[in-house]
Amino acid sequence: MPIQSAELTLEQEAQPAAIGERQDPLVRMQEDLRRAMKKPIDQRRWVMVIDLRKCVGCSACTIGCVVENKLPPGVVYRPVLEEEIGTYPNVTRRFIPRPCMQCDDPPCVPVCPVNATYKRPDGIVAINYDDCIGCRYCLVACPYSARLFDAGRQYLDGTTPAIPALLGRDKAMVYEKLPAYEYGHAWERHEGESPIGNARKCQFCSHRLEAGMLPMCATTCIGRATYFGDSNDPEALVSDLIASPNVMRLKEEMGTQPKVYYLA
Ligand code: SF4
Ligand code: SF4
């Protein structure tokens with residue numbers, strides 16, 4: 001089962017959602033998710049909204065995602081980019097989490113020679129690991145560098161049992177062997193088998209959505225800067241947010257129609 005680090009317990013869910021006058025966004029998004037999952041898949045339109053004013057650059061989302069998807073070294077689905085803005089001495093840093101944009105018109109899809117990458121009816125751009133031949137055309141086509149290649153590396157590569165024993169090598173070995181549950185399948189990483197040798201990327205934690213859970217990054221964000229939901233639902237929190245005047249998307253001029261929105 002996927003890790004449920006920041007999920008609400010049944011007991012918590014039974015409690016009234018209000019904190020003072022306000023409802024915690026996680027509670028509202030959980031309710032939004034539950035409503036969306038009752039609809040046919042082609043009537044959902046998943047979007048993510050990231051409030052750059054709230055992101056503190058802690059990378060909890062990055063780590064949560066790595067753990068959830070058992071990502072190997074060099075494969076990070078949700079890096080947090082840093083940008084310096086202003087002119088010295090009046091400068092500040094801004095943090096920009098960058099998952100796959102789940103483009104409505106995804107350049108990564110038509111270049112795949114074996115149709116291993118495709119857009120699902122709910123808009124999530126997915127990879128069929130069984131079909132992927134690892135040619136990496138999609139990595140080149142993605143304007144956001146959101147795709148990575150799983151070259152089969154392990155965190156313990158190059159270590160020896162003696163010294164890293166001090167660092168909990170045995171526990172790390174257990175972690176390396178745990179399966180990822182992307183696309184609803186238990187993927188163990190064995191040499192010569194998927195997902196080793198495949199393109200990989202964020203898929204909005206589609207396996208968690210199926211289990212009624214929000215994407216890992218949304219639940220682990222300590223700044224409550226990440227929002228997720230169905231923009232086809234006018235009652236959903238994300239529908240309110242993407243109607244904000246300060247909303248923007250990355251590289252909109254390319255016509256990719258990203259489904260990740262930023263509030264700046
Ligand atoms: S790496 Fe896999 S998903 Fe990407 S274009 Fe090649 S076959 Fe398709
Ligand atoms: S961000 Fe890149 S990988 Fe994701 S859907 Fe768009 S083109 Fe494809």
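Residues numbered from 1 in each chain as written. Chains lettered and ligands numbered in written order. Predicted model: local features only at pLDDT ≥ 70, side-chain atom pairs only at ≥ 80, totals over all residues. Heavy atoms only, no water.

### What about the overall build of the protein chain?
Our working rule: Counting from the N terminus, the helices are DSSP H or I runs at least four residues long and the strands are E runs at least two residues long. Categorising residues by exposure relies on relative accessible area from a 1.4 Å probe, with only protein chains included: less than 20% of the type maximum marks a residue as buried, more than 50% marks it as exposed, and the intermediate range marks it as partly exposed. The contact definition used throughout considers only heavy atoms, calling two residues in contact when any of these lie within 4.5 Å. Areas reported as accessible are Shrake-Rupley estimates using a 1.4 Å probe. Residue values count occlusion only from the protein chains shown.
Counting its regular elements, the protein chain contains eight helices and twelve strands. Per-residue burial for the protein chain yields a buried fraction of 47% across its 264 residues. Excluding contacts between residues fewer than 6 apart, the proportion of contacts in the protein chain whose partners are at least 24 apart in sequence is 64%. Accessible surface, the protein chain as shown: approximately 13300 Å² in total, 55% of it carbon and sulfur.

### Considering the side chain of E182
To keep things clear, this is the line we draw: Think of a polar contact as two N or O atoms within 3.5 Å of one another; within protein, one of them needs to be a possible hydrogen donor and the other a possible acceptor, and neighboring residues in sequence only count if both atoms come from side chains.
Summarising the element assignment, E182 is placed in the loop between α5 (169–177) and β9 (199–200). Separated by 3.2 Å, the side chains of E182 and Q203 make a polar contact. In contact with E182, other than residues within four places in its own chain, are N69, Y77, Y129, W187, R200, K201, Q203 and H207.

### Digging into the pattern of salt bridges
Note the threshold: Salt bridges are counted wherever a side-chain nitrogen of Lys or Arg sits within 4 Å of a carboxyl oxygen of Asp or Glu.
A complete count under the given rule lists 17 salt bridges for this structure. In this structure, the salt-bridge partner of K259 is D104, at a minimum N-O distance of 3.3 Å. Remark: D104 occurs in the loop between β5 (90–97) and β6 (117–119) and K259 occurs in the loop between β11 (247–248) and β12 (260–263); sequence separation between them is 155 residues. K259 gets classed as buried once you look at its relative accessible area, which sits at 1%.

### A look at the sheet that holds strand β3 (residues 46–51)
Selection criterion: Between any two strands, at least two bridges found by DSSP are needed for them to pair. The axes used here are C-alpha line fits, helices contributing only the stretch in contact, and every angle between their N-to-C directions lies in the interval 0 to 180 degrees.
With mixed pairing, the four strands of this open sheet are ordered in space as β10-β3-β12-β11. Of all the strands in the sheet, just β10 (226–230) and β11 have a single pairing partner and so form its edges. This element, helix α2 (residues 25–37), spans β3 and β10 of the sheet and lies at about 25 degrees to β10.

### Considerations on the site of ligand 2
How we decide: For this description, a residue counts as near a given molecule or strand if any of its non-hydrogen atoms is within 4 Å of it. Nonpolar residues are Ala, Val, Leu, Ile, Met, Phe, Trp, Tyr, Cys and Pro. Charged residues are Asp, Glu, Lys and Arg, and all others, Gly as well, are polar.
Residues in close proximity to ligand 2 total 14 residues, the closest being C100, C103, C108, C142 and R147. Among the residues making up the shell around ligand 2, the classes are represented as eleven nonpolar, one polar and two charged.

### Some points on α2
Residues three or four positions apart in an α-helix share a direction because the helix packs 3.6 residues into each turn. As a reminder of what qualifies: The span expected for a helix works out to 1.5 Å for each residue beyond the first.
With 13 residues, α2 extends 18 Å between its outermost C-alpha atoms, agreeing within 8% with the 18 Å of an ideal straight helix rising 1.5 Å per residue. By the burial criterion, the buried members of α2 are P25, L26, V27, M29, Q30, D32, L33 and A36. The N-capping residue of α2, defined by a side-chain oxygen 2.7 Å from the backbone nitrogen of L26, is D24.

### Quick notes on the site of ligand 1
Around ligand 1, a shell composed of C112, P113, V114, T117, C132, I133, G134, C135, R136, Y137, C138 and A199 is seen. Tallied by class, residues from the shell around ligand 1 come to nine nonpolar, two polar and one charged.

### Remarks on the nonpolar core
Where we set the bar: The term nonpolar core refers to a set of buried residues drawn from Ala, Val, Leu, Ile, Met, Phe, Trp, Tyr and Cys, joined through side-chain atoms within 4.5 Å.
Ranked by size, the top nonpolar core spans 56 residues in total, and within it W46, Y77 and F204 carry the most contacts. Ranked by the residues each element gives to this core, the list is headed by β3, at five residues. In this view, F204 contacts W46, V47, M48, C100, Q102, I124, L209, P215, F228, K259 and V260; residues no more than four positions away in its chain are not counted.

### Considerations on the pairing of strand β4 (residues 80–87)
A regular strand places its side chains so that they alternate between the two faces of the sheet. Both β4 and β5 contribute to a ladder of eight bridges, which runs antiparallel. Within the sheet, the bridge partner assigned to L81 lies in β5 and is I96. Counted between consecutive antiparallel strands, the loop separating β4 from β5 contains two residues.

### With respect to the packing of aromatic side chains
To be explicit about the condition: Working definition: rings of Phe, Tyr and Trp (its six-membered ring) pair if their centres are within 6.5 Å, and the pair is stacked with planes under 30 degrees apart, edge-to-face with planes over 60 apart, and tilted otherwise. Put simply, a charge is over a ring when the Lys NZ or the Arg CZ is close to the ring centre, within 6 Å, and near the line of the ring normal, within 35 degrees.
Here the structure, examined in full by the defined rule, presents four aromatic pairs. When the ring of F204 is compared with that of F228, the centres are 5.1 Å apart and the planes differ by 85 degrees; the resulting orientation is edge-to-face. One end of the pair, F204, is in the loop between β9 and α6 (206–210); the other, F228, is in strand β10, with 24 residues separating them in the sequence. F228 shares its class with F204; the two are buried. Each residue in the set W46, F204 and F228 is aromatic and connected to the rest through ring pairs, giving one cluster. For R136, the ring lying beneath its charged end belongs to F149, and the centroid distance is 3.6 Å. The ring of Y144 has K251 lying over it, and the distance from NZ or CZ to the ring centre is 5.9 Å.

### With respect to the pairing of β10
Counting buried positions over the five residues of β10 gives five, a clear majority of the element. Where β3 meets β10, five bridges bridge the pair, whose relative direction is antiparallel. Within the sheet, the bridge partner assigned to I50 lies in β10 and is T226.

### Brief notes about unusual backbone geometry
Of the consecutive residues Y88 and P89, the connecting peptide bond is found in the cis state with omega at 5 degrees. Within the secondary structure layout, P89 lies in the loop between β4 and β5. Here the amide bond leading from S194 into P195 is cis, since omega sits at 10 degrees, within 30 degrees of zero. By the secondary structure assignment, P195 is in the loop between α5 and β9.

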